[in-house]
Amino acid sequence: VVEILARAVKKVVGKFLPVDVKYGVILDENRHWGSDLRIRTEDSLGAKEGEIVVVEITSYPGRNQDFTGHVVSIIGDSEDPMNDITRVIHLHNIPFEFSPKALEQAKAYSPYVSEKDIVGRVDLRDKNLITIDGATAKDFDDAVYTEIDGKGFRVWVAIADVSHYVEPGSSIDDDAYERGTSVYFPNFVVPMLPEALSNELCSLKPKVARLCFVCEMQMDFQGNIVSHDFYEAVMESKARVTYGQAQEILDGKTPSHLNHIESNIKNCRDIAKILMAKRFREGSLDLEIPETQVIVNEAGEPVDIIKSERLFAHRLIEELMLAANVSVGRFLGEKNMPGIYRIHEEPNEEKIADLQKFLWNFGAKNSLTGKDRLQTKISKTLEGFKGKPEQQILSMLTLRAMNQAKYSSQNLGHFGLGFSHYSHFTSPIR
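Residues numbered from 1 in each chain as written. Predicted model: local features only at pLDDT ≥ 70, side-chain atom pairs only at ≥ 80, totals over all residues. Heavy atoms only, no water.

## Re the pairing of strand E4 (residues 37-40)
Burial of the side chains of E4 is restricted to one face: Leu37 and Ile39 are buried, whereas none of Arg38 and Arg40 on the reverse face is. Across four bridges, strand E3 (residues 23-26) lies against E4 in antiparallel orientation. Residue pairing in the sheet places Tyr23 in a bridge with Arg40 of E4. (Buried < 20%, exposed > 50% of the residue type's maximum accessible area, 1.4 Å probe, protein only. Helix = DSSP H or I, 4+ residues; strand = E, 2+ residues; numbered from the N terminus. Pairing = 2+ DSSP bridges.)

What follows is the structure, given as structure tokens:
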């Protein structure tokens, strides 16, 4: 290093410890800095021992200077779990305050869609589009609707048309670009967009008009996508459905207030089953790895760790999202248009050889070499362990043998899903 032009880290977070009447320190407990940070008492904002503080750095550790700073904010008692989220937000430099200009711009939006915004859009307000999300979800990003006709299934997947409101170069766009994504914590979220958009205009709430972007697909009874169309539309969600409620409908126990959308959910289930069977038949990997959920009480304390329940209602939504994403990928490819694909490259031979040894050690008879597609061979081998104690560990080892999926302007296909064209129109991860 010849010269340091600019510092990436300008603030740090830590637990304040008074040393004497003149100064206090934040100890370099994790050895991130190479030196304890010194704070003069007059620069401490009166912080008490054990309080978490946000410190703006005034001098960086080096040969001829100490690591020093002044307190700009006191988060609170380090023993209070309610302060932990705030500590993590500051620790990772997550932007959590919107600029005054972005807030002013968001405030100017009406919570209702105006008639001029609807001009030129396809009107889907008569369709029984619904959202299916978790019970604690605050914003609803996508909606689905399926009809059965003589040709097969006609499926609509609609996503909130955020781009209508977030114009390139606007203050809201600048703030969103800085964030890159929303950040989710237990019982708390740092949104990418001001709440006037994220929880209102760009949330497909029931019984109100909302602008959306639609992928409409015609599928035959074998699950083949015969045609697809994309357009801007206006919709009105006919219900905000939880996964649990959707599963009740699929189990034949429809809540009375959801009778009007029962046929839609059952139609979605029917095409989802066909799509799922087709996908696995054609080589998509089925790695059912159980997820855990940390239950946090109102005081911010973790009180339980449970296994997340996996319902067919989750899979129903996933399959429709996957189909929409495939349609977008194919559209970009057919039109030879530049775009961003979600790609997943084949695993390297060395990792597959290691996986093969693990599988053989657990009693697998199948080989992962040969003429068949690698995905098919892995799926067939794992199928032999279905319902056995070894299933989870072997699914995890298989996942670790894979490359990470990533975004690319080059379409290299998606190995894990077995798709030649795949892009993220909406996120299928449930």
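## What to know about helix H4 (residues 171-179)
Each full turn of the α-helix corresponds to 3.6 residues, which orients residues three or four apart in the same direction. Listed as buried for H4 are Ser171, Ile172, Asp175, Ala176 and Arg179. The arc enclosing the buried residues of H4, seen along the axis, measures out at 135°, which places them on a common side. Set apart from the buried face of H4 by more than 90 degrees, the exposed residues are Tyr177 and Glu178. Where H4 is buried, its residues contact helix H2 (100-107) and helix H5 (195-201). In the stretch just after H4, Gly180 is the one whose phi turns positive, near 85°. (Arc of directions from axis to C-beta. Contact = heavy atoms within 4.5 Å.)

## Digging into the pattern of salt bridges
Counting across every chain of the model gives 17 salt bridges. Between Glu42 and Arg40 there is a salt bridge, and its shortest N-O distance comes to 3.7 Å. Since its relative accessible area comes to 57%, Glu42 is described here as exposed. The closest approach of N and O atoms between Glu345 and Lys406, which form a salt bridge, is 3.2 Å. Taken together, the positions of Glu345 in the loop between strand E18 (341-343) and helix H9 (349-361) and Lys406 in strand E19 (residues 406-408) put the pair 61 residues apart, joining distant regions of the chain. For Lys406, a relative accessible area of 42% gives the class partly exposed. Connected through shared salt-bridge partners, Arg40, Glu42 and Asp43 make up one network. (Salt bridge = Lys/Arg side-chain N within 4 Å of Asp/Glu carboxyl O.)

## As for the packing of aromatic side chains
All told, the structure shown has nine aromatic pairs when counted by the stated rule. Measuring from centroid to centroid gives 5.5 Å for Trp33 and Phe67, while their planes differ by 70°, and the two rings are edge-to-face. Pair noted here: Trp33 is in the loop between E3 and E4 and Phe67 is in the loop between strand E5 (51-59) and strand E6 (68-77), with a separation of 34 residues, a long-range link. Three or more aromatic residues link up through ring pairs in this structure, and these residues are Phe213, Phe230, Phe331 and Phe425. Stacked on the ring of Phe312, the Lys or Arg Lys273 has its end atom at 5.9 Å from the ring centre. (Phe/Tyr/Trp six-rings, centres within 6.5 Å; stacked < 30°, edge-to-face > 60°. Lys NZ or Arg CZ within 6 Å of the ring centre and 35° of its normal.)

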